[in-house]
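Here's the letter readout for the chains.
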Amino acid sequence: MSGNAGDMPLNAPWDVTGAVDRLYLAMAGWQQVWEFDLGKRVLRPVAGSGRMSLNDGIGNGASFAQPAALV
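About the criteria used
- In this convention, every chain numbers its residues from 1, walking through the sequence in written order.
- It should be noted that, the model being predicted, local features are given only for residues of pLDDT at least 70 and side-chain atom pairs only at 80 or more, the latter also being counted only at that level, while totals for whole chains, interfaces and linings use all residues.
- Just so you know, side-chain values use all the structure's heavy atoms and leave hydrogens and water out.
- The numbering of helices and of strands both runs from the N terminus, where a helix is a DSSP run of H or I of at least 4 residues and a strand a run of E of at least 2.
- Relative accessibility decides the category of a residue: with a 1.4 Å probe and only protein chains considered, values under 20% of the type maximum give buried, values over 50% give exposed, and everything between is partly exposed.
- Only heavy atoms enter the contact rule, under which two residues are in contact if any of them lie within 4.5 Å.
- Accessible surface area values rest on a Shrake-Rupley calculation with a 1.4 Å probe, where residue burial reflects the displayed protein chains alone.
- Nonpolar core, defined: a set of buried Ala, Val, Leu, Ile, Met, Phe, Trp, Tyr and Cys residues in which side-chain atoms within 4.5 Å join the residues together.

A. Geometry of the overall build of the protein. Scanning the protein from terminus to terminus reveals zero helices and five strands. For the protein, the N- to C-terminal ordering of α and β elements is β-β-β-β-β. Going through the 71 residues of the protein one by one, you find that 27% of them count as buried. Considering only residue pairs separated by 6 or more positions, the protein has 29% of its internal contacts joining residues 24 or more positions apart. Roughly 4,400 Å² of accessible area belongs to the protein as shown, and the carbon and sulfur atoms make up 53% of that amount.

Structure (structure tokens):
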């Protein structure tokens, strides 16, 4: 799921952090971390399978239990 930021609903965003031209959101409702590209205005999941669990991994190979904070 990705798309224009104006068309994307947020599901329990609990934290946000930034890096140059991007924002990262801890989406507790979807058990994922999302990225918002400020230049392209595109919002997309970048980490987390969407299943509530705790597993290390890369991209959607990781799983979270209500991610609540980003550093």
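B. Region of the structure containing the nonpolar core. Grouped together as the largest cluster of nonpolar side chains are five residues: Leu25, Met27, Trp34, Phe36 and Leu43. Elements supplying a minimum of two residues to this core: strand 3 (22–27) and strand 4 (32–37).

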